[in-house]
Amino acid sequence: MKQRVLWIEDSALDQNASLAGPVHLSGRYDLTIALTATEGFDALSRSEFDAVIVDIRIPPGDDRRWVDMYYRSFLSSKAARLGLRLLDTVLTGPNTLWPETLPASAREPAHYGVLTVEGIDELRDDLTRLRVTVYRDKGGSDTPDTLLEMIEVITSQAEPTKTGAT
């Protein structure tokens, strides 16, 4: 059975051939793409994934909670950092704003990686607090296998979910 991967990236459709192509061609992964924080959170609420790759600068989508966060950040995806807020929401558990119950695997930091333009110095403290250890900077040095390599690292370190059991 193929392992399930969620890629939360607003420009994933533009990067589909270059970054997602090797993932599809490997034949080992079922790749789901979410373009917004709303789509990403909804996907995590509905399904289990063996690996989740998150961009930090993603748009809110249509869920009012994400939209409100975005507007409070002065309409700036860089200031809003909704991908980081999504990681924080998912990995730190339900609260009054996000009471939804997620599958157990969605709360495991080992299932997550960050692929973004933000430098590690900007994110180190937050990623350490969240225990997310897989990080790649999109800045210029990406190879076509970047996404595939991140998925392989995550799936090798994380316990398989029921859907991705081998």
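Since the model is a prediction, treat every value here as computed from it, not as a measurement. What you see as residue numbers is a count from 1 along each chain, following the sequence as written. Confidence filtering applies because this is a predicted model: local features only for residues at pLDDT of at least 70, side-chain atom pairs given and counted only at 80 or more, and all residues used for totals across whole chains, interfaces and linings. Hydrogens are left out, water is left out, and the side-chain values use all remaining heavy atoms of the structure.

### Some thoughts on unusual backbone geometry
Reasoning step 1: One non-glycine residue, R131, lies in the positive phi region at around 65 degrees.
Reasoning step 2: Every helix listed is a DSSP run of H or I at least four residues long, and every strand listed is a run of E at least two residues long, numbered separately from the N terminus. Within the secondary structure layout, R131 lies in the loop between α6 (120-130) and β5 (134-137).
Reasoning step 3: Working definition: with a 1.4 Å probe on protein chains only, accessible area under 20% of the residue-type maximum means buried, over 50% means exposed, and in between means partly exposed. The class for R131 is exposed, based on a relative accessible area of 58%.

### Overview of the pattern of salt bridges
Reasoning step 1: Every case where a carboxyl oxygen of Asp or Glu lies within 4 Å of a side-chain nitrogen of Lys or Arg is listed as a salt bridge. A complete count under the given rule lists 11 salt bridges for this structure.
Reasoning step 2: With a closest N to O distance of 2.2 Å, E152 and R28 form a salt bridge. Here the residue E152 occupies a position in helix α7 (residues 146-157), and R28 occupies one in the loop between α1 (16-26) and β2 (29-34), the gap between them amounting to 124 residues.
Reasoning step 3: A residue is classified by how much of its surface remains accessible, and E152, at 30% relative accessible area, is partly exposed.
Reasoning step 4: R28 gets classed as partly exposed once you look at its relative accessible area, which sits at 39%.
Reasoning step 5: The salt bridge involving E149 is made with R136; its shortest N-O contact spans 3.3 Å. With E149 in helix α7 and R136 in strand β5, the pair connects residues that are 13 residues apart, well separated along the chain.
Reasoning step 6: Via salt bridges that share partners, E9, D55 and K138 belong to a single interconnected network.

### Things to note about the sheet that holds β5
Reasoning step 1: Here we have five strands laid out as an open sheet, ordered β2-β1-β3-β4-β5, and parallel in their pairing. The strands lining the two open edges of the sheet, one partner per strand, are β2 and β5. Each adjacent strand pair in this sheet contributes to an overall mean axis angle of 20 degrees, direction not counted.
Reasoning step 2: Any two strands with at least two DSSP-identified bridges between them are counted as paired. By the bridge criterion, three bridges tie strand β3 (residues 51-54) to strand β4 (residues 112-116) in an arrangement that is parallel. Residue pairing across strands places V54 opposite V114, the latter belonging to β4.
Reasoning step 3: The sheet strands contacting helix α5 (residues 82-91) are β1 (3-8), β3 and β4, and the helix crosses β4 at an angle near 170 degrees. Every angle, taken between N-to-C directions, lies between 0 and 180 degrees, and every axis is a line fitted to C-alpha atoms, over only the stretch in contact when it is a helix. We call two residues contacting when some pair of their heavy atoms lies within 4.5 Å.

### Quick word on the packing of aromatic side chains
What describes a pair of aromatic rings is the distance from one ring centre to the other and the angle between the planes of the rings.
Reasoning step 1: Put simply, two rings from Phe, Tyr or Trp (the six-membered ring, in Trp's case) pair if the centres are within 6.5 Å, and we call them stacked under 30 degrees between planes, edge-to-face over 60, tilted for the rest. Tallied over the entire structure, the rule returns two aromatic pairs.
Reasoning step 2: With centroids separated by 6.1 Å and ring planes inclined at 85 degrees, the aromatic side chains of Y70 and Y71 adopt a geometry described as edge-to-face.
Reasoning step 3: The class of Y70 is buried, set by a relative accessible area of 18%.

### Describing empty space enclosed by the protein
Reasoning step 1: The way it works is a 1 Å grid over only the protein atoms, where trapped points that fit a 1.4 Å probe form a cavity and open points with protein on both sides within 12 Å along at least five of seven lines form a pocket, and then any residue with an atom within 4 Å of a point lines it. Grid points are joined across faces, edges and corners, and a volume is the space filled by probe spheres set on the points. Applying the stated rule across the entire model yields one cavity of 30 Å³ or more.
Reasoning step 2: By volume, the largest cavity amounts to about 30 Å³.
Reasoning step 3: Lining the largest cavity are L44, S47, E48, F49, V52, S105, A106, H111 and Y112.
Reasoning step 4: Polar here means any residue outside two lists: the nonpolar Ala, Val, Leu, Ile, Met, Phe, Trp, Tyr, Cys and Pro, and the charged Asp, Glu, Lys and Arg; Gly therefore counts as polar. Its residues placed into classes, the lining of the largest cavity shows five nonpolar, three polar and one charged.

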